[in-house]
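Spelled out from the first residue to the last, the chains are:
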2 protein chains.
Amino acid sequence: MYRLHDNITSGNAYKVRLLLSQLCIPFERIEYDIDRNETREPEFLQKNPNGRIPLLELAPGRFLAESNAILCYLAEDTHFLPADRLQRAQAMQWLFFEQYNHEPNIATVRYWITHKIEMTDFRRQAMPVKRADGIAALGVMEQHLAGREWFVGTAYSIADIALYAYTHVADQGGFDLVPFPSIRRWLNRVAAEPNHVAISDTTVGAIR
Amino acid sequence: MYRLHDNITSGNAYKVRLLLSQLCIPFERIEYDIDRNETREPEFLQKNPNGRIPLLELAPGRFLAESNAILCYLAEDTHFLPADRLQRAQAMQWLFFEQYNHEPNIATVRYWITHKIEMTDFRRQAMPVKRADGIAALGVMEQHLAGREWFVGTAYSIADIALYAYTHVADQGGFDLVPFPSIRRWLNRVAAEPNHVAISDTTVGAIR
């Protein structure tokens, strides 16, 4: 059985919990206290030298890191990744957009606020920059979703899962989604997909 | 013929030029002056709403953005992307690592320095943070490359191309590679691969 090295508040880890749940794949969850830097301890660094969750243990001692790489791995040959070559590349495009333009802004601001991270001079200066860049990323999403149901083609895919993870909790970072009606309709569509689970659901993974 | 919307100083764009050259695929290069924000003008934003190069025009009006998504697209069914499912996922892991832990630090610092970007208060505060995070990313690479020739399996792949792009010019951002001997040996191996081209080579793309 897969073991997911996890943190329940992490949107990156939630992506993996959501896809595993929607694939009906049971898994074991190992929770790490990221506020106590448990993923920077020597025992964890042996598993992932980059010191981050989520980390999927495919077999004892065999690890895969990076949330979106894990999504690609799990989605292969399923309807969560388009079979068409161009659409598959477009899914990749949105996965990289998510990690470069979206997560470092929207997720990071949420993390600083909800985990009560110390406001260093750097973070104080970075906050308005990240807020503006996060809003710009939401603008790119809104424009793309106008007249579309899903990010790629005509079906729900890992591109939607990756972007949903931190968009649906963006308000926790102070991002107002009222100016983004297409995004709000899309969030509702994602939440209505079969076997959807909530980010806070600690019971995921068990066979139901 | 592919058209690459390009900038010759960009490591992200260089990844695509390098892979296209190594695949012996001819392409047309369209150069943008990023210092004059040419990729933020309305005509370009119609091509890529995210306002960034590289952008690969697969056919007239059909565009693919995000350098690493373009690498995935071009490498499919070639020896630049492993056929083994786990190794393919490991390649993805390094591509996401590159865009999250490496490029925003090493490439951004290089950009601020070499393009003589105005040192705002934010950038002044961010510089030492990005320098430390960039060195940490190099540390993860060094540890992985100790005893390995390539990032994934036993062959050169798009994981190597993606990480080479900004590592081999890291000195332009003030990153010293002397403490990273495994990285330096790997850089030499990458540069010795067939059909390698330099980042500054403006003649790439033409049929030779």
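About the cut-offs
- Residues numbered from 1 in each chain as written.
- Chains lettered and ligands numbered in written order.
- Predicted model: local features only at pLDDT ≥ 70, side-chain atom pairs only at ≥ 80, totals over all residues.
- Heavy atoms only, no water.
- Core = buried A, V, L, I, M, F, W, Y, C linked by side-chain atoms within 4.5 Å.
- Buried < 20%, exposed > 50% of the residue type's maximum accessible area, 1.4 Å probe, protein only.
- Contact = heavy atoms within 4.5 Å.
- Helix = DSSP H or I, 4+ residues; strand = E, 2+ residues; numbered from the N terminus.
- Buried area = accessible area lost by both parts, 1.4 Å probe.
- Salt bridge = Lys/Arg side-chain N within 4 Å of Asp/Glu carboxyl O.
- Polar contact = N/O pair within 3.5 Å; in protein donor to acceptor, adjacent residues only side chain to side chain.
- Nonpolar A, V, L, I, M, F, W, Y, C, P; charged D, E, K, R; others polar.
- Axes fitted to C-alpha atoms, helices over the stretch in contact; angles between N-to-C directions.
- Parallel < 35°, antiparallel > 145°, perpendicular 65-115°, else oblique.
- Left-handed = near helix turned anticlockwise from the far one by under 90°.
- Pairing = 2+ DSSP bridges.
- Least-squares fit on C-alpha atoms with pLDDT ≥ 70 in both.
- Domains from an automatic or database assignment.
- Phe/Tyr/Trp six-rings, centres within 6.5 Å; stacked < 30°, edge-to-face > 60°.

By size, the foremost hydrophobic cluster in this structure holds 129 residues, and its most contacted members are Leu74(A), Trp186(A) and Trp186(B). Those residues in contact with Trp186(A) that lie beyond four places of it in its chain are Met141(A), Leu145(A), Glu149(A), Trp150(A), Phe151(A), Asp160(A), Leu163(A), Tyr164(A) and Thr167(A). Judged by nonpolar contacts, the second largest core, of 9 residues, contains Ala13(B), Tyr32(B), Ile34(B) and Ile53(B).

So, on to the environment of Leu56(B). All names here are of chain B. Take Leu-56: it is sitting in strand S3 (residues 55-59). Separated by 40 residues in sequence, Leu-56 and Val-16 place their C-alpha atoms 8.6 Å apart. If near-sequence neighbours (up to four positions away) are discounted, Leu-56 is found in contact with Tyr-2, Arg-3, Leu-4, Leu-20, Arg-62, Phe-63, Leu-64, Ile-70 and Leu-74.

Each partner contributes residues to the interface: chain A has 38 residues there, and chain B has 38 residues. Both faces combined, the contact of chain A with chain B buries some 3500 Å², and carbon together with sulfur accounts for 62% of it. For chain A, the biggest contributors to the area lost against chain B are Arg85(A), Phe96(A) and Tyr100(A); these three give 21% of the whole. Along the contact surface separating chain A from chain B lie 2 salt bridges. Salt-bridge contacts for Arg88(A) lead to Glu76(B); the nearest nitrogen and oxygen are separated by 2.6 Å. The interface formed by chain A and chain B holds 10 residue pairs in polar contact (both at pLDDT 80 or more) in total. Listing elements by their share of the side of chain A that touches chain B, those giving two or more residues are strand S4 (62-65), helix H3 (67-75), helix H4 (85-114) and helix H5 (121-145) of chain A. With 16 residues, the single largest contributor to the side of chain A that touches chain B is H4(A). The class makeup of the residues in the side of chain A that touches chain B is 21 nonpolar, 9 polar and 8 charged.

Residue and element names in this part refer to chain B. Close contact between helix H3 (residues 67-75) and helix H4 (residues 85-114) brings their axes to 10 Å; oriented N to C, the two are set at 160 degrees. Between H3 and H4, the crossing angle belongs to the class labelled roughly antiparallel. In this structure, H3 meets H4 at a crossing whose hand is right-handed. Across the interface between the two elements, Ser-67, Asn-68, Leu-71 and Cys-72 of H3 pack against Met-92, Leu-95, Glu-98 and Gln-99 of H4. Its residues assigned to classes, the contact of H3 with H4 comprises 4 nonpolar, 3 polar and 1 charged.

What follows is about the sheet that holds strand S2 (residues 27-31) of chain A. One key point about sheets: their strands pair by backbone hydrogen bonds, in either a parallel or an antiparallel sense. Ordered by their spatial adjacency, 4 strands build an open sheet running S2-S1-S3-S4 (chain A), and the pairing between neighbours is mixed. With partners counted over all chains shown, the strands left at the sheet margins are S2 and S4 of chain A, one partner each. Strand-to-strand twist in this sheet, taken as the mean axis angle between neighbours without regard to direction, amounts to 25 degrees. Pairing geometry for strand S1 (residues 2-6) of chain A and strand S3 (residues 55-59) of chain A, over 3 bridges, is antiparallel. Bridge assignment links Arg3(A) to a residue of S3(A), and that residue is Glu57(A). Contacting S1, S3 and S4 of chain A, H3(A) runs over the sheet at an angle of about 115 degrees to S4(A). On top of the sheet, H4(B) reaches S3 and S4 of chain A; it is set at about 40 degrees to S4(A), its chief contact.

If you rotate chain A by 180 degrees and push it 0.0 Å along the axis, it lands on chain B with an RMSD of 0.0 Å. Considering both components of the superposition, the chain copies are consistent with a two-fold axis. Distance from the rotation axis, computed per C-alpha, reaches its smallest value in chain A at Tyr100(A): 3.1 Å. With an isologous cut-off of 70% or more, the 100% of interface residues of chain A that recur at the interface of chain B puts this contact in the isologous class.

The subject of this paragraph is the domain arrangement of chain A. Residues and elements named next belong to chain A. By domain assignment, chain A separates into domain 1 (2-75) and domain 2 (85-191). The C-alpha-based centres of domain 1 and domain 2 are spaced at 21 Å. Facing the 17 residues of domain 1 at the interface are 16 residues of domain 2. Counting the surface lost from both domain 1 and domain 2, the interface buries some 1300 Å², and carbon and sulfur atoms represent 58% of this.

A word on the sheet that holds S3(B). Residues and elements named next belong to chain B. Pairing is mixed in the open sheet, where 4 strands are placed in the order S2-S1-S3-S4. The open sheet has two free edges, formed respectively by strand S2 (27-31) and strand S4 (62-65), since each of these has just one partner strand. Looking at each pair of strands side by side, their axes are set apart by 25 degrees on average, direction ignored. When strand S1 (residues 2-6) meets S2, the two strands line up parallel, connected through 5 bridges. Bridge pairing in S2 places Asp-6 opposite Glu-31.

Throughout the structure, instances matching the rule amount to 18 aromatic pairs over all chains. Considering the side-chain rings of Phe96(A) and Phe96(B), the 4.1 Å spacing of their centres and the 15 degrees angle between planes classify their relative orientation as stacked. Placement of Phe96(A) in helix H4 and of Phe96(B) in helix H4 is noted, with the two residues assigned to different chains. Looking at Phe96(A), the relative accessible area reads 0%, which means it is buried.

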